[in-house]
Amino acid sequence: MSADAAELEKLLVEWVERWIEGESDMAIGARTNLSHTGLLDSMAIVGLISYLEEQADAEFDFATFDPMKGVSIQGLIKHCVG
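Since the model is a prediction, treat every value here as computed from it, not as a measurement.

Basis of the calculations
Residues numbered from 1 in each chain as written. Predicted model: local features only at pLDDT ≥ 70, side-chain atom pairs only at ≥ 80, totals over all residues. Heavy atoms only, no water. Phe/Tyr/Trp six-rings, centres within 6.5 Å; stacked < 30°, edge-to-face > 60°. Core = buried A, V, L, I, M, F, W, Y, C linked by side-chain atoms within 4.5 Å. Buried < 20%, exposed > 50% of the residue type's maximum accessible area, 1.4 Å probe, protein only. Helix = DSSP H or I, 4+ residues; strand = E, 2+ residues; numbered from the N terminus. Contact = heavy atoms within 4.5 Å. Expected span 1.5 Å × (residues − 1). Arc of directions from axis to C-beta. Polar contact = N/O pair within 3.5 Å; in protein donor to acceptor, adjacent residues only side chain to side chain.

(A) Structural detail: the packing of aromatic side chains. For the coordinates displayed, the defined rule picks out 3 aromatic pairs. One aromatic cluster is present, formed by F60, F62 and F65 through successive ring pairs.

Next up, the structure:
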């Protein structure tokens, strides 16, 4: 993993932690399934993706993204910045 990807993971984990504001005791990591665990709803995931685009200076391709298997920070980063 590149240093940039590791920094993005850290920033996105912090974003999720701020979003849930202590409403869950679940440990949040880069591989945590944010959608299937109920940590984030669809609107929050869009917000997280928007934040990722801003931090990575990259565009997220929604047309090729399949969230059916779940959404993780690691998966979002991989999809957005390769």
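(B) Examining the nonpolar core more closely. If you look at the biggest cluster of nonpolar residues, it comprises 24 residues, and the most contacted ones within it are L12, V16, L34, L40, L48, I73 and L76. For this core, the secondary-structure elements that each account for two or more residues are α1 (3-20), α2 (42-56) and α3 (73-81). Top element by residues in this core is α1. It accounts for 7 residues. Leaving out residues up to four positions away in the same chain, L34 has contacts with V16, I28, L39, L40, L48, V71, S72 and I73.

(C) Molecular detail of α2. For α2, spanning 15 residues, the distance from its first C-alpha to its last is 21 Å, which sits close to the expected 21 Å at 1.5 Å a residue. Residues A44, I45, L48, I49, Y51 and L52 constitute the buried set of α2. All buried residues of α2 fall inside an arc of 160° around its axis, so they share one side. Opposite the buried face of α2, at more than 90 degrees from it, the exposed residues are S42, M43 and E54. At the N-terminal end of α2, a side-chain oxygen is found 3.3 Å from the backbone nitrogen of M43, two or three residues along, and the residue is D41. In the stretch just after α2, D57 is the one whose phi turns positive, near 50°.

(D) Spotlight on unusual backbone geometry. You will see that D57, though not glycine, has its phi angle at about 50°, which is positive. Relative to the helices and strands, D57 resides in the loop between α2 and α3. Residue classification places D57 among the exposed positions, given a relative accessible area of 73%.

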